[in-house]
Amino acid sequence: MKKAIAASAVACALVFAAAPAAARLTEINVTAIEPFADGMAFGDAGAYERVKGTFRGELDPADPRNKVIVNLDKAPKNAAGRVEYEADFYILRPTDPARGSGKILYDVTNRGRQYAHWVFGDSRTVRNDPRAAEDAGNGLILRRGYVIVWSGWDPDAPRSNAGLAMKPVIAMNGGAPIVRVIRDELMSGGRGPLRKTFRLTHEAATLDPSQARLTVRRAETDPRREVSGDGWAFVNAREIRLLPEGTLPEPGSLYELHYPAKHPRVLGTGLAATRDLVSFLRYEAADSKGNANPAGAGLRHALAFGRSQSGRYLRNHVAQGFNQDESARKVFDGVLAHTAGVGGVFLNYEFGQPARTNTQHEDHAFPENAFPFSTARMTDPVTGRTGGLLRNDGFDPLWMETNTSTEYWQKGASLLVTDPPGTRDVAHPASARGYMIGGTQHGGQAWMTSTAGPCVNPRNAHNPTPALRALLAALDEWVSEGKAPPASRTPRLADGTLVMPGKLAFPAIPGVVVARRMSEFGVLKDWVKPEMDMSRPYRPLVPQVDADGNETSGILLPEIAVPLATYTGWNLYKAPFPEGELCDRFGTYVPFAATRAEREAHNDPRPSLDERYGDHAGYVRRVEAAVKKLVAERLLLAEDGERFIEKAKSEEIAKRFAR
């Protein structure tokens with residue numbers, strides 16, 4: 001095996017050396033190469049090392065593959081008429097390349113942050129500069145021998161905690177600044193801490209408050225109330241505060257500032273930078289200055305993973321044609337996009353705001369959800385457009401999309417598998433798969449605990465990552481061996497598992513506030529005003545539930561297939577936040593009573609643990625059966641199945657059955 005890889009590396013190096021020159025990555029600068037985890041071995045792949053640095057590239061505005069980049073023609077150009085960019089990169093690579101798998105795993109950074117170890121490794125640490133064994137968690141993606149790559153694509157991504165970003169490329173109107181009136185939505189709490197001031201997404205062109213307008217509303221659909229001119233002020237060109245001094249924003253209320261902004265970044269260069277870096281790592285031996293490819297030679301395939309914002313980024317990457325480089329080579333062979341729903345990123349726009357994420361309450365009228373939604377090609381009766389997420393141009397990757405229950409309530413995920421009016425099921429094309437991970441909230445992760453936070457119900461701590469590990473392995477086999485992955489697992493109209501929120505058969509559980517609405521949307525006509533056409537809205541649907549309130553479709557991991565509680569993908573805000581609005585992307589967790597007497601004392605309609613399983617041993621037997629089934633279906637790795645059984649047998653779970 002090692003000899004074969006070495007021979008392949010020599011052959012590939014000869015091909016790389018002869019690769020045609022093009023306007024793409026021009027220089028790669030390695031600033032550090034250091035051992036990872038003190039040289040600890042990760043299975044057959046052995047030890048890893050950390051490689052950090054920056055890369056530079058240039059883009060030809062005349063190239064048809066770059067013309068989709070908004071304002072690229074207005075960016076500064078070098079003597080060759082090309083637009084230059086620079087970004088950060090970080091690589092974990094096998095110290096001995098011959099022991100690696102010959103594959104790149106590119107983890108799209110989320111607001112500058114790395115997520116692969118947190119998701120695939122269940123790491124307890126979240127570091128953008130992983131250096132210790134604990135940062136790799138269970139080490140799965142290292143044991144699989146990937147060259148793991150991260151890079152910056154957003155100039156506004158935080159660089160704190162070693163975050164990865166890129167230098168801004170500023171569009172100009174000739175030699176003059178571009179100035180437009182734009183809109184910022186500002187909120188204290190919810191997704192972040194309570195705030196004393198608000199930071200603006202773009203630089204204000206003037207600090208004269210008479211040239212701007214601030215409004216506030218409590219709920220998303222409430223009328224906007226204007227804040228008087230003496231009720232707020234600019235702190236500087238990127239920050240405002242309320243007046244008089246000491247006035248704090250209302251938690252959860254939506255403040256909107258319309259103001260003249262200047263210096264828009266050419267944010268679409270981030271898509272090209274990802275394309276060019278991964279293409280270089282796959283196909284080139286060295287840059288134009290002779291600097292060696294830090295990923296090494298002999299790389300046969302490239303996979304991409306993105307979660308939430310970075311999953312939506314991958315939808316843009318494919319739909320906007322960035323999976324073909326400037327030398328007409330495929331970038332990613334396979335993509336796994338997690339919790340992206342039907343949206344993209346508010347990125348490739350003039351004055352784009354990529355940190356935003358559209359939900360029922362927050363960021364609702366910003367560009368994110370626009371046809372085509374699905375990988376299935378269809379015609380949209382609302383806009384009259386025909387198309388699909390995949391381009392069918394020979395450069396599409398094999399595509400996997402996974403969503404939690406939350407994306408059905410907040411991100412229109414049902415439109416991935418229905419027509420836009422939500423009247424009929426559609427099938428994924430042969431090159432795509434879709435999966436709902438049932439009973440899970442958007443940010444579900446290992447080591448989470450159930451707390452209420454800003455929500456009225458306790459939040460859902462169910463962990464979807466075991467399913468993601470199994471699907472990553474299946475994607476790898478699909479790309480590398482042509483072995484088809486498990487069939488799609490999503491709710492459908494045909495079997496009654498997709499319904500309108502009003503048809504949700506959720507039980508009357510004492511003390512639980514039930515969601516009766518979801519995030520609805522139509523065609524966004526103008527994000528600055530804002531104006532969304534709801535005369536012909538799209539019709540997203542939600543997963544139906546059983547008598548316990550648990551979903552019956554999608555991938556049901558053992559903790560959902562053999563439940564100890566009710567798990568949902570929705571929750572609602574509590575005071576001092578706006579009651580009745582969906583609580584961001586959180587779910588709800590409500591444990592079952594241990595005994596019949598306990599549940600009857602609380603008027604709980606859900607059978608107790610002893611009524612369901614008899615005793616702890618009965619529960620363990622059911623978990624073992626669920627694990628066996630999921631492993632056989634390739635929806636759970638055997639090692640994760642063992643962890644589920646071990647947890648089911650634990651003293652912690654046994655105590656739940658104590659009388």
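One can find the structure itself at the top, above this paragraph.
Quick summary incoming for the structure in this document. Because the structure is predicted, anything quoted here is derived from the model rather than measured.

Rules used throughout
Residues numbered from 1 in each chain as written. Predicted model: local features only at pLDDT ≥ 70, side-chain atom pairs only at ≥ 80, totals over all residues. Heavy atoms only, no water. Helix = DSSP H or I, 4+ residues; strand = E, 2+ residues; numbered from the N terminus. Rg over C-alpha atoms; globule rule 2.2 N^0.38 Å. Buried < 20%, exposed > 50% of the residue type's maximum accessible area, 1.4 Å probe, protein only. Pairing = 2+ DSSP bridges. Axes fitted to C-alpha atoms, helices over the stretch in contact; angles between N-to-C directions. Contact = heavy atoms within 4.5 Å. Salt bridge = Lys/Arg side-chain N within 4 Å of Asp/Glu carboxyl O. Parallel < 35°, antiparallel > 145°, perpendicular 65-115°, else oblique. Nonpolar A, V, L, I, M, F, W, Y, C, P; charged D, E, K, R; others polar. Core = buried A, V, L, I, M, F, W, Y, C linked by side-chain atoms within 4.5 Å.

Remarks on the overall build of the protein
Argument step 1. For the protein, the count of helices and strands is 13 helices and 27 strands.
Argument step 2. A globule of 659 residues ought to have a C-alpha radius of gyration of about 26 Å, and the protein, at 25 Å, matches this closely.
Argument step 3. Counting only C-alpha atoms, the protein reaches 80 × 70 × 50 Å along its principal axes.
Argument step 4. Buried positions account for 60% of the 659 residues belonging to the protein.

Notes on the sheet that holds strand β13 (residues 232–236)
Argument step 1. Reading across from one edge, β9-β14-β13 is the order of the 3 strands in this open sheet, with antiparallel pairing throughout. Where the open sheet ends on each side, the last strands, each with one partner, are β9 (197–199) and β13. Strand-to-strand twist in this sheet, taken as the mean axis angle between neighbours without regard to direction, amounts to 30°.
Argument step 2. Relative to strand β14 (residues 239–242), β13 runs antiparallel, the two sharing 4 bridges. Within β14, the residue paired with F234 across the bridge is I240.

Description of the sheet that holds strand β16 (residues 301–307)
Argument step 1. Reading across the sheet, the 9 strands line up as β1-β2-β3-β5-β4-β16-β17-β20-β21 and stay open at both edges, with mixed pairing between neighbours. With one partner strand each, in any of the chains shown, β1 (25–35) and β21 (432–437) form the two edges of the open sheet. The mean angle between the axes of side-by-side strands here comes to 20°, regardless of whether they run parallel or antiparallel.
Argument step 2. Relative to strand β20 (residues 398–404), strand β17 (residues 334–338) runs parallel, the two being bridged by 5 bridges. Looking at the pairing, H338 lines up with T402 of β20.
Argument step 3. Sitting on the sheet, helix α4 (residues 269–283) is in contact with β1, β2 (48–59), β3 (83–94), β4 (103–107), β5 (147–151) and β16, with an inclination near 120° to β2.

Remarks on unusual backbone geometry
Argument step 1. Of note, the bond from F371 into P372 is cis; its omega dihedral lies within 30 degrees of zero at 5°.
Argument step 2. Relative to the elements of secondary structure, P372 occurs in the loop between β17 and β18 (378–379).
Argument step 3. P576 follows A575 through a cis peptide bond whose omega is 10°.
Argument step 4. Counting through the fold element by element, P576 comes out in the loop between β26 (565–567) and β27 (589–591).

Observations concerning the pattern of salt bridges
Argument step 1. Under the criterion given, the structure shown has 59 salt bridges.
Argument step 2. Put simply, R217 and E185 hold a salt bridge, and the shortest N to O gap is 4.0 Å. Of this pair, R217 sits in strand β11 (residues 213–217) while E185 is found in strand β8 (residues 179–186), placing the two residues 32 residues apart along the sequence.
Argument step 3. Accessibility expressed as a relative area gives 2% for R217, which makes it buried.
Argument step 4. Since its relative accessible area comes to 8%, E185 is described here as buried.

Quick word on the packing of α4 against helix α5 (residues 309–319)
For any two helices packed against each other, the geometry is given by the interaxial angle and the distance between the axes.
Argument step 1. Packing of α4 against α5 leaves a shortest axis separation of 11 Å and a crossing angle of 80°. When the axes of α4 and α5 are compared, the pair comes out roughly perpendicular. On the side of α4, the interface is formed by G270, L271 and T274, while α5 contributes Y313, N316 and H317.
Argument step 2. Broken down by class, the residue content of the contact of α4 with α5 amounts to 2 nonpolar, 4 polar and no charged.

Some remarks on the nonpolar core
Argument step 1. By size, the foremost hydrophobic cluster in this structure holds 72 residues, and its most contacted members are F55, W232, I240, L257 and F332.
Argument step 2. Ranked by residues supplied to this core, first place goes to α4 with 7 residues.
Argument step 3. Apart from residues lying up to four places away in sequence, I240 is in contact with L186, T197, F198, L200, L214, W232, A233, F234, V235 and L257.
Argument step 4. Formed by 53 residues, the second largest nonpolar core is a distinct cluster that contains Y146, M400, L475 and Y613.

Some remarks on the packing of helix α11 (residues 616–632) against helix α12 (residues 638–649)
Argument step 1. Taken N-terminus to C-terminus, the directions of α11 and α12 make an angle of 170°; their axes are 9 Å apart at the nearest point. Considered as vectors, α11 and α12 are oriented roughly antiparallel to each other. Across from H616, Y619, V620, V623, E624, V627 and V631 in α11, the residues of α12 making contact are A638, G641, F644, I645, A648 and K649.
Argument step 2. In the contact of α11 with α12, the residues fall into 9 nonpolar, 2 polar and 2 charged.

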